[in-house]
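# Descriptive structure summary
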Amino acid sequence: MDCCSSGYDEVFTARQARWFRRRYETHGLGQPAATLADLAAAGGLDGRTVLEIGGGVGDLHVDLLRRGAATATNVELSSSWEEQAGELLDAHGLRGRVTRVVGDLVTDPGLAGAADIVVLNRVVCCYPDFVGLLAAAGARARQTLVFSYPPRHPLVRAGLALLNAWQRLRGRGYRAFAHPPSAMHEVLQEAGLRRVFGGRQGVWRVSALARVDALERAA
Ligand SMILES: C[S@@+](CC[C@H](N)C(=O)[O-])C[C@H]1O[C@@H](n2cnc3c(N)ncnc32)[C@H](O)[C@@H]1O
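Here is what the cut-offs are and how they apply
Each residue is numbered by its place in its chain's sequence as written, counting from 1. Owing to the predicted nature of the model, reporting of local features is limited to residues with pLDDT of at least 70; listing and counting of side-chain atom pairs is limited to 80 or more, with chain, interface and lining totals taken over all residues. Placing a C-beta atom from the backbone of each residue, we mark the residue near a molecule or strand if the atom is within 6 Å of it. Residue classes follow a fixed rule: Ala, Val, Leu, Ile, Met, Phe, Trp, Tyr, Cys and Pro count as nonpolar, while Asp, Glu, Lys and Arg count as charged, and any other residue, Gly among them, counts as polar. Numbering of helices and strands starts at the N terminus; helices are DSSP runs of H or I of at least 4 residues and strands are runs of E of at least 2. Expected span of a helix: the number of residues minus one, times 1.5 Å. Whether two residues are in contact is decided by their C-beta atoms, placed from the backbone, lying within 7 Å. Pairing between two strands requires that DSSP report at least two bridges joining them. What counts as an axis is a line fitted to C-alpha atoms, over the stretch in contact for a helix, and the angles between N-to-C directions run from 0 to 180 degrees.

## Topic: the site of the ligand
Near the ligand there are 21 residues, and of these Gly54, Gly56, Leu77, Ser78 and Tyr127 occur at the shortest range. When its residues are assigned to classes, the shell around the ligand shows 13 nonpolar, 5 polar and 3 charged.

This is the structure we're talking about:
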C-alpha cells in the first residue's frame, strides 16, 4: 500500500509525532503500550531482537531497548514520524540499535526479517488487509507477538464509521477498522502462534501469543 495515496501521511502528521515524543519523555509509555511492553518483556528481554510494525514515534520499542532488548527494527507506512523518532533515539543514545524503514511489509516482504519479539500497537485497526498484515507479522515472530486492537463493539463501530465518513468527506483514502478478533487470532494461529494472554486496557484489547515450538520446549 502506498502511504501517500491512501492518506497515512495526512492522518499521522509531524505535529502528532512531536506530541507523542514529548508525552513519552514526560510521562513514559501510555496505554495500551505499557501493557504490551510488559507482555513483551514477560519472557525476558536481555539480548532479544524486536520488530515493531507501525511503531509511530517508536516509544514502545525504545522502552523495550531501555529495558534490555538488543536491537529493534521499525517498519512504518507513514514517513511523518521519522524526524521525531530520530530525536527520540538520539535523546536515549539508541540510534545505533534501531533500524527504521518506511514502507509496507505486506506488499514489500523484504523490508524486515524475523525477530524474537514482534509488536503491533494500535496498527491492525489502521490497515484493511488484516490477514496479510498479521500473517506477515506472525511469520516473523520467533518467540512472542503482542498486539492491541479495538473491540467490535457497536459503539466502537459507530465511532469508526463516523471517522471514516469524515475521511471520505476530506477526500482521503485512509480508513479505520474493527476487524473480527477471532479471525485475527486464527491468522496468528496459522502462523504457529498460540494465545497466552488476552485482556483489555481501556477501550483497547491486548493479546500476547507465543510460538508453539518455544512453548513446548519450555514445558
Ligand atoms: C494509530 S497509529 C499507532 C502508532 C503507534 N503504534 C502508537 O500506538 O503510538 C497506527 C500506525 O500504523 C501504521 N501502519 C498501519 N498499517 C501499517 C502497515 N501495514 N505497515 C506499517 N505501518 C502501518 C500507520 O502508518 C500509523 O503510523
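Now that the structure has been shown, the text picks up again.
## Some points on helix 2 (residues 14–27)
The first and last C-alpha atoms of helix 2 sit 20 Å apart over 14 residues, in line with the 20 Å expected at 1.5 Å per residue. Buried-residue contacts for helix 2 involve helix 4 (59–66) and helix 5 (82–91). Within two residues after helix 2, Gly28 carries a phi angle of roughly 80°, on the positive side.

## Observations regarding the sheet that holds strand 3 (residues 98–102)
With mixed pairing, 7 strands are arranged side by side in an open sheet as 3-2-1-4-5-7-6. Since the sheet does not close on itself, it has two edges, and those belong to strand 3 and strand 6 (193–201), each with one partner. Looking at each pair of strands side by side, their axes are set apart by 15° on average, direction ignored. Bridge analysis of strand 2 (residues 71–76) against strand 3 gives 5 bridges, and the strand direction is parallel. Its bridge partner lying in strand 3, Asn74 is registered against Arg100. In the packing of helix 6 (residues 130–140) onto the sheet, the strands contacted are strand 1 (49–53), strand 4 (115–120), strand 5 (141–149) and strand 6, and the crossing angle to strand 5 comes to about 145°.

Note that every value here comes from positions in space, so none of it alone points to a role or purpose.
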